[in-house]
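In case you want the letters, here they are:
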Amino acid sequence: MAEWVNEVVVVGRVAGEPSEVELPSGDAMVKWRVVVPRDKPATAVTVDTIDVVAFKAGVRKKALWLIEGDIVRVEGALRRRFWKTPSGVASRTEVEASLLTRA
């Protein structure tokens, strides 16, 4: 039987300022983006921009201290989050951070 794994490690540069968001459920999250250069771009795109969110209090607190340009290491898992909009259901795939460190 295969071992099921959903683990992500991203090391890159913080793009923009992290922001804290209160969800309709009342839960708080901090969201930000990490930009990672591609070694050998196969297309005109030379970076990957990755959305990251944090729900754990300790990780949220660390994330709020990040500034644009910081180099960070994010460990976590891929998550697909759904929510309702006036035009229907929307979704986004993000890295849910369980560990955050400045690199």
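Further up the page is the structure itself.
Residues numbered from 1 in each chain as written. Predicted model: local features only at pLDDT ≥ 70, side-chain atom pairs only at ≥ 80, totals over all residues. Heavy atoms only, no water.

**Student:** Just give me the short version of a nonpolar patch on the surface, but keep the residues and values in it.
**Tutor:** Judged by side-chain polarity, Val-9, Val-11 and Ile-71 come together as a nonpolar surface patch covering roughly 240 Å² of accessible area. With respect to the helices, strands and loops of the structure, Ile-71 is situated in strand E4 (residues 71-85). Residue classification places Ile-71 among the partly exposed residues on the basis of a relative accessible area of 40%. (Patch = residues over 30% accessible without salt bridge, like charges linked within 9 Å, V, L, I, M, F, W, Y side chains within 5 Å. Areas by Shrake-Rupley, 256 points an atom, 1.4 Å probe, with all protein chains shown as cover. Salt bridge = Lys/Arg side-chain N within 4 Å of Asp/Glu carboxyl O. Helix = DSSP H or I, 4+ residues; strand = E, 2+ residues; numbered from the N terminus. Buried < 20%, exposed > 50% of the residue type's maximum accessible area, 1.4 Å probe, protein only.)

**Student:** Quick rundown of the side chain of Asp-51? Include the residues and the values.
**Tutor:** Looking at the secondary structure, you find Asp-51 in strand E3 (residues 47-54). For Asp-51, a relative accessible area of 17% translates into the label buried. In terms of polar contacts, Asp-51 uses its side chain to reach the side chain of Arg-33, at 2.5 Å. (Polar contact = N/O pair within 3.5 Å; in protein donor to acceptor, adjacent residues only side chain to side chain.)

**Student:** Any chance you could break down the nonpolar core for me, citing the residues and the numbers?
**Tutor:** Buried together is how nonpolar side chains tend to be arranged in soluble globular proteins. With 17 residues, the main nonpolar core has Trp-32, Val-34, Val-52, Leu-66, Val-72, Val-74 and Leu-100 as its most contacted residues. Elements with a minimum of two residues in this core: strand E1 (8-22), strand E2 (28-37), E3, helix H1 (57-64), E4 and strand E5 (88-102). Apart from the residues lying within four places of it in its own chain, the contact partners of Leu-66 are Val-14, Glu-17, Pro-18, Trp-32, Val-72, Leu-100 and Arg-102. (Core = buried A, V, L, I, M, F, W, Y, C linked by side-chain atoms within 4.5 Å. Contact = heavy atoms within 4.5 Å.)

**Student:** Could you give an account of the environment of Gly-16, with specific residues and numbers?
**Tutor:** Within the secondary structure, Gly-16 sits in strand E1. For Gly-16 and Arg-102, which are 86 residues apart along the polypeptide, the C-alpha to C-alpha distance reads 15 Å.

**Student:** Could you give me a rundown of the sheet that holds E2, with the residues and numbers involved?
**Tutor:** Spatial strand order, E1-E2-E3-E5-E4: five strands in a closed barrel with mixed pairing. Strand-to-strand twist in this sheet, taken as the mean axis angle between neighbours without regard to direction, amounts to 40 degrees. Here E1 pairs with E2 via seven bridges, running antiparallel. Bridge assignment links Glu-22 to a residue of E2, and that residue is Ala-28. (Pairing = 2+ DSSP bridges. Axes fitted to C-alpha atoms, helices over the stretch in contact; angles between N-to-C directions.)

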